[in-house]
Structures are given as structure tokens and as C-alpha cells.
Amino acid sequence: MLHLKNIRKEFAGKPLFTDISWHLKKGERVGLVGENGAGKSTIMRIIAGQIELSSGELQFAKGATVGYLPQDGLVTSGTSLFEEALSALAELQSMEDELRALTLELETLDHSDPRHEAALERFGGLQEEFRVKGGYTKEADVGVVLTGLGFLPAQWQRDCGTFSGGWQMRIALAKLLLQRPNVLLLDEPTNHLDIEARNWLEEYLCAYPFSVMLVSHDRFFLDKVCSRIAEVWNHTISDYHCNYTNYLLQRDERISALREAKRRQDEEVEKLEDFIRRFRYQANKASLVQSRIKTLEKIERIAIPPERKKIHFQFPEPPKSGRVVMELNGVTKRYGAHIVLDRIDLTIEKGEKIALVGHNGAGKSTLMKILSGGEFQGGSRLDGHNVVIDYFAQDQAEALDSSKSAYDELYTDAPYDMVPRLRDLLGAFLFSGDDIHKPVSVLSGGERNRLALAKMLLRPANLLLMDEPTNHLDLFSKEMLLDALRSFTGTVVFVSHDRHFIDGLATRVVEVEAGGLTSYPGDYEYYLAKKEGAASSAPTPSQITSHQSPVTDSKEERLRSREDDKQRQREERSRQKRLAEIEAAIEKAESGLKLLEEKLADPAMASDYSVLQKLGEDHTASEARLARLYEEWEEVQR
């Protein structure tokens, strides 16, 4: 379908790619991965014909078409949403117009007219082609794609110009999917999609009959869609025929093998060079020296990839808070006549990691603003004892002062005792050297987000409210943020459309829908199972909003439901605490066992039978204790 043949691309004399040869087969779905700036988007733009090569050539299968979706920047206005999406099927529209014209012509021509037979033959062939290409279902196809991407039927007649930037990219994506190009290039297609739209796009791409190449920072999406990973690194492309999770494992194995080969090669080179140095000036060794010099020249030196640059940080130790961190009772929030949240109740307890989920516009960000101290029209909001809040808004990166440097942006808000550590803090978020003096205005989206996250580390807080903290972060930075939040001992309430991030962090999922909240004590997989009705034996999720169910509208039942939720949460916290204790004990036992084995292997011990006997008894007892700990760990895991 597509062949990159010895392609080379340079910018300002510096090579981005050198002599890449790479092939994309029909029906393959490839994930393009690599560090920011490695050239992933550039490769896509080269294939799409937007950037010229420095050398080499692109070869496509005969008649192949290419469709490209950039990260952003596509805006449409002046037509209705449905008309704009339908315009992607311009070929079918043209065929339909010709069929209408032929129908009128056949109605007016006499059967004896020689033009009648030619028109009839053209009509038959065109009608069959129209049918095969989906002409009779094109309106339905447009409806399916628009609905899948989150557009409500009531919005289909709205002018495209009334939609915001994120929805504009959805319109562009809808048109591209309807065109069904032979090579579909998608650069961050999930950036502006909520979870429901991502799920639909996954299924659509998995059933797509042609080739797909995509860039995404959504690990779950890559795992579900891609069967091949192409890593852009060191001016070339390396292939891994697996999904993203297995790619990480295979890459580590490959790097380990490369390091070992490099070590052996260095040893061999050192021996050759040592021989040459020792005998270079001895006439009777001249032929041997020359032989080794030639061998040395023929050796292809193994290049070890540099370590990936990763952010690394931990949130400050939070101050102690009370058991109940915050309570909302009967809270209502409306914008004009539109009610976003209707008499909701929510209790947040110490140590919880709560994920807010729901479709775009359901009210997740509105709820986050209320939790952070924003206004609401009815009900009450009660903070617990000694609660210190830090709020990361959805547009937090945009709130940075563009006129300041990265360092000055932190310095302005830093407490006195943090000032000497600001450079170290910036370095942990990959701002090193002169980068710390870069104006905020020239920082990329990912750099701005990292700087905004760094500001959260200036002062300790015990309640973190984080609205889309993973936006613009690459896959490796997301993992570091996930690890930092997992180890944070305070309370976290967050919004994210990244399912791997939610599943890795959430201990409770709260769905925001139709003005109310529904709580699911458990992780994201449990939430999905309950939504699909697959976990019917599990506890029924509690409806936190009191007004939605007339059957459970009594105060006593609401209180009982809330107590049940709290009990389940206490049990889950207790289970997690016990697991951590057992894992620590296992680690200690394994270290002790390893130490005993080292002592038993010590030749100096061989002569002292009594010591050996005692060590053997201790070793047996340690193994038994370790086995019991593993059994207990498995039991608690269930």
C-alpha cells in the first residue's frame, strides 16, 4: 500500500531522518511512537504530501488515496454540520446528480433513439457503482459517524462555525472517516474526544478495511487499535509487530541485549587495540598487527540509544486532614435556565482517588470548580478539618503568564523556603540549562502542562483537584504523573479521558450524567462492568442524587445507601493497606532469604558445620514464611 524508499529529511542542515526504508501493508494498523520532537508528525505530513523530502521517494499502490488529520487548526463555517459531513462524499453526490440527469433523459428519449440504449447502459453501470460504494446509505452513514463522535441529532443542522475548536476537529475527523482513504493518517485523533467517542472510534478503526497509521498518547487506545508499533528514534524507524504494552517489554529486552552486545564488542575492541599498542613496533609481529588493524576497521560499532528523558517527581507530604475531606449536600448549579447539576450529594473521604467520568458537557468541570470553591445556587458545601486544596483546572496551562520565563513563573508563587530548590524542581520536569529562561509564550503545549504541574509542588496540599492533567503530556510523562499520584497519601479527585490513567489510579468512579451523580466504589474496570451489566453479583452502585429515583427517595434509604458506600470504601482501603503491609513483608523476607543464600554459598562457612546447620534451618524457616506470605497475599487479592 505504501513504501518509504531511502527517505531523508533535513531541517536547517540537521538530519531528522536518514535513509529510512519502511513498508505499510494493506489493512495494517500502525501506531507511530517516539519522544516529542522525534518527527512523528513530520513523517505523516511527508506521506500526506504536505512536506517535501530532502531525498528518497514515496511509492503508493496504484489508485491509493491518502487522508490526513492534523492535531489541530481545522475550522469550518458557513454550512450545517450534516451538510459539511455529507460534502466528504462528493464523489457519491456527483454520481447521484448524474443518475438524476440520466433518469430525466431516459424519460424524454424515445426507445428507438440510439441515444436511449447508450444512456440506459450508462445508467445501469453507474447505478451499480453507486450502490457498491454506499450511495443509497450515505445519509445513514453520515448519521452513524456523527453520532459515534458525540454529535446529537439536534445539533446536525447547526452552523459548523458555532462549534468550538475541539468539536471542529471532530467534524474534520468525521469527514475523513466518511471518505475512507486507503491510507488513513491520524495525528492525536483522541485529543478532543470523550471516553464514549474514543470507544466508538476504536471499534470503527478495528473494522476499517484499509491501512491506518496513527499517533496517540492514549496507551489504552494504542493497545486496542494497533497490531504494529513503529518507533521513531535516532533518525530512523524500528518495527515491533505487537501492541503498545508488548512493545514496551520487547524494547526493554532489545535494549538489554544491545547493551550486552555492546559490552562484549567493547571488550573485543579493547583486546585488539591493546595488542596493536604492544606489538606495533615489533617487526616480527607486523603481519599480526596489520591483521588486527584491518579487523578493527571492519567492526561496525554498536550504538546504544540514549536514555529517554523522563519527568520524575513526588508530591510533597500532605498535612493531616480529617476522615471526611468534603461534603456536598443538595448542591444545584445552573447557567441561566440550564440546570447542569441538580441537588447532588457527594462525600469525599481521606485517601480516596475519585475519577469523575461522563460525556463532554455533562458537568464534570463544573463540579470540579464547585469542589475548588466555585459558586453554586443551592445546597451546601462543607470542608473537612484542616483541608488544603490545590486545583489544576482544565485550562491551567493557559493561565500561565506568557510574559514571564519558566523560572520566573515559579519564582512568583514560590514560598521563601522553596526558592533555592526551584532549579531542581524545573529540572525534574525536563527544564534544564537555558530552558528555564524560555518565555512561557514559546513553550509547547506539553511544556506548559509540565510547568503548571510543577507549580502544584510548591506548597503541600491534602486534596488535589485535577481536571484533565494529562492533556498534551506524552506517554512517558503520563506514567510518571500516574506513579506520583498513586504514591500520594492525600486525596485526589480528577477528570481524565485516558482510560489507562483512570484504571491505574481510581479507587472510586463517579459518573456525572443528566444533572446527577452515580457512585461506583471500585476501579474503572468495575465501572465498565456495571455499565454493561456484566457484574450483576457485585454491589449495586448508589444513586447519589436523591431526586432521580422515586422508589428510593426517602431520607432513610439515602442515608443507608451512603453508609453502605462508606463501608465498602473502608473495606477497600483496609484491603489495600493490608496488601501494602504484606508486600513490604515479602520484600523484607526475600532480602533475608537472599542474604542467607549468600552466606550458605560462602566457602568460608564450609568448615563450620554448626553454623551451616543453623543457616540451613533459618533458610528453611524463611522459605516457609515467604510461602505463607504469598498465600496470604493471594487470599487478600481475591
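Colleague: Please set out the overall build of the protein residue by residue, giving values where relevant.
Modeller: Along the backbone of the protein there are 19 helices and 19 strands. Considering the protein as a whole, with its 638 residues, one finds that 44% of them fall into the buried category. Relative to all contacts within the protein whose residues are 6 or more apart in sequence, the contacts with residues 24 or more apart total 67%. Of the roughly 32,800 Å² of accessible surface on the protein, a fraction of 50% belongs to carbon and sulfur atoms. Counting 84 positive and 101 negative side-chain charges, the protein places the centres of these two groups 4 Å from one another.

Colleague: Just give me the short version of the pattern of salt bridges, but keep the residues and values in it.
Modeller: Enumeration over the complete set of coordinates arrives at 29 salt bridges. Arg228 is the partner of Glu28 in a salt bridge, and the nearest nitrogen-oxygen pair spans 2.5 Å. Pair noted here: Glu28 is in the loop between strand E2 (14–24) and strand E3 (29–33) and Arg228 is in strand E8 (residues 228–233), with a separation of 200 residues, a long-range link. For Arg228, a relative accessible area of 4% translates into the label buried. Here Glu84 makes a salt bridge to Lys175, at a shortest N to O gap of 2.6 Å. With Glu84 in helix H2 (residues 81–86) and Lys175 in helix H6 (residues 165–179), the pair connects residues that are 91 residues apart, well separated along the chain.

Colleague: Now, about the packing of helix H3 (residues 90–108) against helix H4 (residues 114–132): what can you tell me, with residues and values included?
Modeller: Geometrically, a packed helix pair is captured by the angle between its two axes and the distance between the axes. Interhelical geometry of H3 versus H4 gives an angle of 150° and a closest axis separation of 10 Å. Considered as vectors, H3 and H4 are oriented roughly antiparallel to each other. For the pair H3 and H4, the sense of crossing is left-handed. Facing Glu91, Leu92, Met95, Glu96, Glu98, Leu99, Leu102, Thr103, Glu105 and Leu106 of H3, the residues of H4 in contact are His116, Ala119, Leu120, Arg122, Phe123, Leu126, Gln127, Glu129 and Phe130. Partitioning the contact of H3 with H4 into residue classes produces 10 nonpolar, three polar and six charged.

Colleague: Give a detailed account of the sheet that holds strand E6 (residues 183–187), specifying residues and quantitative values.
Modeller: Ordered in space as E5-E6-E7-E3-E8-E9, the six strands form an open sheet in which the pairing is mixed. Only two strands of the sheet have a single partner each, and these edge strands are strand E5 (66–69) and strand E9 (236–240). Between one strand axis and the next, the sheet turns by 20° as a mean value, whatever way the strands run. Examined bridge by bridge, E6 and strand E7 (residues 211–215) share five bridges and lie parallel to one another. From the neighbouring strand, Leu185 faces E7, where its bridge partner is Met213.

What counts, and where the lines are drawn
Within each chain, residues carry numbers counting from 1 in the order of the written sequence. Confidence filtering applies because this is a predicted model: local features only for residues at pLDDT of at least 70, side-chain atom pairs given and counted only at 80 or more, and all residues used for totals across whole chains, interfaces and linings. The side-chain values count all of the structure's non-hydrogen atoms but skip hydrogen atoms and water molecules. Each helix is a run of H or I in the DSSP string that is no shorter than four residues. Each strand is a run of E no shorter than two, and both are numbered from the N terminus. When accessible area is computed with a 1.4 Å probe and restricted to protein chains, residues below 20% of their type maximum are described as buried, those above 50% as exposed, and intermediate ones as partly exposed. Residue contacts are counted whenever heavy atoms from the two residues lie within 4.5 Å of one another. Exposure was quantified through the Shrake-Rupley algorithm and a 1.4 Å probe, taking into account, for residues, occlusion by the shown protein chains and nothing else. When charges are tallied, Lys and Arg are placed among the positive residues and Asp and Glu among the negative ones, while His and the ends of the chain are skipped. Lys charges are placed at NZ, Arg charges at CZ, Asp charges at CG and Glu charges at CD. By definition here, a salt bridge exists when the distance from a side-chain nitrogen of Lys or Arg to a carboxyl oxygen of Asp or Glu is within 4 Å. Simply put, an axis is a line fit to the C-alpha atoms, just over the touching stretch for a helix, and the angle between two N-to-C directions goes from 0 to 180 degrees. These descriptions rest on fixed angle ranges, namely under 35 degrees for roughly parallel, over 145 for roughly antiparallel, 65 to 115 for roughly perpendicular, and the rest for oblique. Crossing handedness is defined as follows: a turn of the near helix away from the far one that is anticlockwise and smaller than a right angle gives a left-handed crossing, while the clockwise case is right-handed. Note on residue classes: Ala, Val, Leu, Ile, Met, Phe, Trp, Tyr, Cys and Pro are nonpolar, Asp, Glu, Lys and Arg are charged, and everything else, Gly too, is polar. Any two strands are treated as partners once DSSP identifies two or more bridges connecting them.

Spatial relationships are all this shows, so hold off on functional conclusions.
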